[in-house]
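# Structural description and commentary
Listed below, chain by chain, are the residues.
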Amino acid sequence: MAYADLLPSLLSNQMAVVSPRKVYQSLFPRWYNPNATCAYHGGVLGHSIVQYVAFKHKVQSLIDAG
């Protein structure tokens, strides 16, 4: 299952919450992608949920906890 498909289920079961992030201005970080949005961060530009490592760790901790 893709992380983007997993997020709505986690949100509805209150196992995750949308965590808004700041919007970057000029002098973007190297990883910044202006064409990508992150559902976990409320649709903020810069990266996709697939690239967000902390979300992957959150999912893994939920798996480990059963």
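The structure we're discussing is the one just above.
Residues numbered from 1 in each chain as written. Predicted model: local features only at pLDDT ≥ 70, side-chain atom pairs only at ≥ 80, totals over all residues. Heavy atoms only, no water.

### Quick notes on the overall build of the chain
Operational definition: Numbering goes from the N terminus for both helices and strands, where a helix is a DSSP run of H or I of at least four residues and a strand is a run of E of at least two. The buried label applies to any residue whose accessible area, calculated with a 1.4 Å probe on protein chains only, is under 20% of its type's maximum; exposed applies above 50%, and partly exposed to all values in between. Only heavy atoms matter for contacts: two residues are in contact if any of them lie within 4.5 Å across the pair.
Looking only at helices and strands, one finds two helices and two strands in the chain. Going from N to C terminus, the chain has its helices and strands arranged as α-β-β-α. Dimensions of the chain along its principal axes, counting C-alpha atoms only, are 40 × 20 × 20 Å. Taking all 66 residues of the chain together, the buried fraction comes to 24%. Counted over contacts in the chain with a minimum sequence separation of 6, partners at least 24 positions apart contribute 30%.

### Some details on the environment of F55
In this structure, F55 sits in helix α2 (residues 53-65). Taking the C-alpha atoms as reference points, F55 and L45, separated by 10 residues in sequence, lie 16 Å from one another. In contact with F55, not counting residues within four places along its chain, are Y3, L7, L10, Y40 and I49.

Honestly, that's just the spatial picture; any functional story needs more than this.
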